[in-house]
Amino acid sequence: MIKTITSYFDIRSKLTQFSVLIFLFSLTSLFQLFNQPRLFYSSAVSLVLIHIFILVYYLISKKYLHDKLLNLQNIIISTNIIYLIVHPMEFDGFNNLAFFDLFLAVFLGVICNRFLRYKGFPIFNPAALAVLLTFIFTSLLVQLDLRDMPIFISWWGANLLKISDIDSISNFVTALIVGSLFVYYSNGFKKFYYGFVFLISYFLLYFGFAIMDNQTINGTLLHFINVVLTFGIFFAFVMLSEPKTSPIGKEILVIYGFIAAFVYFLLDVFSKAGFTNFGFLDLGDNIAICTIILMNLIYFIQKYTKNVSKNKSYYIKQ
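Residues numbered from 1 in each chain as written. Predicted model: local features only at pLDDT ≥ 70, side-chain atom pairs only at ≥ 80, totals over all residues. Heavy atoms only, no water.

What follows covers the overall build of the protein. A count of helices and strands for the protein gives 12 helices and four strands. Expressed as a percentage of the 318 residues in the protein, the buried residues total 47%. In the protein, the proportion of contacts linking residues at least 24 apart, taken out of those at least 6 apart, comes to 75%. Roughly 16,600 Å² of accessible area belongs to the protein as shown, and the carbon and sulfur atoms make up 68% of that amount. (Helix = DSSP H or I, 4+ residues; strand = E, 2+ residues; numbered from the N terminus. Buried < 20%, exposed > 50% of the residue type's maximum accessible area, 1.4 Å probe, protein only. Contact = heavy atoms within 4.5 Å. Areas by Shrake-Rupley, 256 points an atom, 1.4 Å probe, with all protein chains shown as cover.)

Laid out in structure tokens, this is it:
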């Protein structure tokens with residue numbers, strides 16, 4: 001089993017390197033919980049169990065389902081992203097329902113990756129879609145009085161400020177290195193402009209709105225810096241610019257970066273106005289996930305219509 005798994009890893013591959021990075025990042029985030037023994041223990045057990053699950057799933061899919069498109073590194077990345085954005089309280093080992101939420105999200109992630117494909121590529125970011133579907137499902141359970149609250153999507157592990165500690169230079173350096181590595185690999189996957197333009201465009205939109213709302217410049221800058229460090233870098237350079245669900249080419253990435261910023265900003269405004277509350281489902285706290293899904297949908301529509309146009313042109317020539 002180990003030999004079969006390791007045969008698919010090539011440390012020279014950027015994808016393999018990034019899958020190792022995201023796993024180490026999960027471990028780094030986990031050890032931030034070390035001063036909370038019960039939560040640390042249950043989170044560690046959960047991290048081990050979900051990785052065992054995806055490894056077993058991978059071997060079964062390759063040996064019995066003959067899924068030639070499935071890539072072990074991709075599902076490792078998706079699984080760790082889910083682990084990093086779902087609040088660690090959901091991992092309380094003494095709360096079986098909470099662990100069920102995490103397991104369900106990981107399971108939906110691998111299912112979405114397998115079946116929601118177009119020309120061999122996933123239509124939606126598997127981790128983002130899995131978390132959103134789990135949130136919708138658990139929100140429905142709340143509506144039916146079968147539980148108290150839906151799954152909590154807090155981006156806890158993606159928060160570099162959580163890793164950083166103003167009283168610890170080593171922790172601050174760790175946060176800086178991790179953030180830089182995310183940007184580095186985004187550039188390696190040729191997606192840098194997507195995340196970069198998103199952050200700049202969001203800042204300009206938010207800054208313009210803040211000025212019109214008579215907010216202070218210092219307060220606006222501090223808010224933007226807080227957004228970037230708490231989840232912005234991870235959101236922009238890891239999830240939004242996920243290689244297989246985002247466009248290719250500098251010019252189109254710039255356009256998509258601005259559109260994503262506008263969508264996120266608009267959803268933020270709608271959220272504050274209460275327009276993201278649909279009865280049993282309140283998406284107000286999850287506009288980041290919704291932005292990713294909407295941008296994936298836009299990219300899919302672009303690819304689909306482009307492919308249809310090519311087919312029409314081919315048949316006309318014939």
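Glancing now at the pattern of salt bridges. Counted under the stated rule, the structure contains four salt bridges. Here Asp67 makes a salt bridge to Arg114, at a shortest N to O gap of 2.8 Å. Residue Asp67 is found in the loop between helix H3 (37-63) and helix H4 (72-85), and its partner Arg114 is found in helix H5 (residues 96-115); the two are separated by 47 residues along the sequence. Residue Asp67 is classed as buried on the basis of its relative accessible area of 6%. Two residues, Arg147 and Asp101, come together in a salt bridge whose shortest N-O distance is 2.6 Å. Of this pair, Arg147 sits in the loop between helix H6 (126-143) and helix H7 (160-163) while Asp101 sits in helix H5; the two residues are 46 residues apart in sequence, bridging distant segments of the chain. Residue Arg147 is classed as buried on the basis of its relative accessible area, which comes to 10%. Each of Asp67, Arg114 and Arg117 takes part in salt bridges that share partners, so that together they form one network. (Salt bridge = Lys/Arg side-chain N within 4 Å of Asp/Glu carboxyl O.)

Together, Tyr41, Val45, Val48, Leu49, Ile52, Val56, Ile60, Tyr64 and Leu65 make up an exposed nonpolar region whose accessible area comes to about 830 Å². By secondary structure assignment, the location of Val56 is in helix H3. Overall, the relative accessible area of 37% leaves Val56 in the partly exposed class. (Patch = residues over 30% accessible without salt bridge, like charges linked within 9 Å, V, L, I, M, F, W, Y side chains within 5 Å.)

Purely geometric stuff here, so don't read any function into it on its own.
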